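Survey of secondary and tertiary structure
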Amino acid sequence: ARRDEPEVTALHLAPVDLVALVREVLDGYRMTNPRHDFALDTGVDSLVGTWDRDRTERTVDNLVSNAVKFSPGGRPISASIREEGTGATRVAIVAITDQGLGIPEGECDAIFDRFRRGSNVGDVPGSGLGLWSVRRIVEQHGGTLAVGSVIGAGSTFTIRLPLASPAPDPFPAVRTEHTS
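Notes on the sheet that holds strand β2 (residues 38–42)
- The five strands are arranged β2-β4-β5-β7-β6 in an open sheet whose pairing can be described as mixed. Each end of this open sheet is capped by a strand with a single partner; those strands are β2 and β6 (144–150). On average, each strand axis in the sheet is inclined to that of its neighbour by 15°, with strand direction left out of account.
- Strands β2, β4 (77–84) and β5 (91–98) of the sheet are contacted by helix α2 (residues 18–32), whose axis makes an angle of about 170° with β2.

Rendered as structure tokens:
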């Protein structure tokens, strides 16, 4: 409930280099997960947009963490970054791909719901809040989150973020108290 409070959900927008951010996240996982090979595919040295750095990092970290959890045996995990569009409609696209368990058909939309997990996760720990949180953060930035998956072959989670900052909410939430 605290995460839904307006002062907690307000974005702290600033220029962020997405290539550097994803590289840092992957470097951290390389140090703690030597069984996995982490690859970054990008055709540019940097891609700067206006985002909340901490929350953007949290989204990438959550997706890479899930890729590690659901990729038994140290299978490769890759991230790719590219830019699409022109002018004001430019978007950054980040895709995190694993070769893990995959998500059962018909459950790809449901895994973004609060407290929902794939039916095939077995005893892999988790609360069902990570992807829900990722989706909220991405949407708060004016972006989208999608997944493509094949059972036993893995999943690709794709984030699309506008490079320009989202328009401020003209009607910010106002907290009122009612007394009886």
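Don't stop here, the text continues.
What to know about the pattern of salt bridges
- Applying the stated rule across the entire model yields six salt bridges.
- Between Arg30 and Asp27 there is a salt bridge, and its shortest N-O distance comes to 2.5 Å. Residue Arg30 and its partner Asp27 are both found in helix α2; the two are separated by three residues, about one turn of the helix.
- For Asp27, a relative accessible area of 34% corresponds to the partly exposed category.
- Across the salt bridge formed by Arg90 and Glu83, the nearest N and O atoms sit 2.4 Å from each other.
- If you follow the salt bridges from partner to partner, you end up with Glu24, Arg53 and Glu57 in one network.

A word on the side chain of His36
- Relative to the helices and strands, His36 is located in the loop between α2 and β2.
- We classify His36 as buried; its relative accessible area is 10%.
- Once you skip the residues sitting within four places of it in the chain, His36 turns out to touch Val68, Ser71, Gly74, Arg75 and Ile77.

Regarding the packing of α2 against helix α3 (residues 53–69)
- Running from N to C, α2 and α3 cross one another at 40°; their axes reach a closest spacing of 10 Å. Taken together, the axes of α2 and α3 are oblique relative to one another. Crossing of α2 over α3 shows right-handed handedness. Across from Leu18, Leu21, Val22, Glu24, Val25, Leu26 and Tyr29 in α2, the residues of α3 making contact are Arg53, Thr56, Glu57, Val60, Asp61, Val64, Ser65 and Val68.
- Grouping the amino acids of the contact of α2 with α3 by side-chain chemistry returns nine nonpolar, two polar and four charged.

Let's talk about α3
- For α3, which comprises 17 residues, the first-to-last C-alpha distance of 24 Å matches the rise-based estimate of 24 Å (1.5 Å per residue) to within 8%.
- If you check which residues of α3 are buried, you get Arg55, Thr56, Thr59, Val60, Asn62, Leu63, Val64, Asn66, Ala67 and Val68.
- A side-chain oxygen of the first residue of α3 lies 3.2 Å from the backbone nitrogen of Asp54; this N-cap is Asp52.

Thoughts on the environment of Val44
- Topologically, Val44 is positioned in the loop between β2 and β3 (48–52).
- Residue Val44 is classed as partly exposed on the basis of its relative accessible area, which comes to 39%.
- Sequence-wise, Val44 and Glu83 are 39 residues apart; in three dimensions their C-alpha atoms are separated by 9.2 Å.

Here's the deal with the environment of Gly100
- Here Gly100 is to be found in the loop between β5 and α4 (130–140).
- The buried category is assigned to Gly100, whose relative accessible area is 1%.
- A sequence separation of 34 residues divides Gly100 from Asn66, and the C-alpha atoms of the two residues are 9.7 Å apart.
- Apart from residues no more than four positions distant in its own chain, Gly100 is found in contact with Phe70, Ser71, Pro72, Arg75, Gly152, Ala153 and Gly154.

Analysis parameters
- Residues numbered from 1 in each chain as written.
- Predicted model: local features only at pLDDT ≥ 70, side-chain atom pairs only at ≥ 80, totals over all residues.
- Heavy atoms only, no water.
- Pairing = 2+ DSSP bridges.
- Helix = DSSP H or I, 4+ residues; strand = E, 2+ residues; numbered from the N terminus.
- Axes fitted to C-alpha atoms, helices over the stretch in contact; angles between N-to-C directions.
- Contact = heavy atoms within 4.5 Å.
- Salt bridge = Lys/Arg side-chain N within 4 Å of Asp/Glu carboxyl O.
- Buried < 20%, exposed > 50% of the residue type's maximum accessible area, 1.4 Å probe, protein only.
- Parallel < 35°, antiparallel > 145°, perpendicular 65-115°, else oblique.
- Left-handed = near helix turned anticlockwise from the far one by under 90°.
- Nonpolar A, V, L, I, M, F, W, Y, C, P; charged D, E, K, R; others polar.
- Expected span 1.5 Å × (residues − 1).
- Polar contact = N/O pair within 3.5 Å; in protein donor to acceptor, adjacent residues only side chain to side chain.

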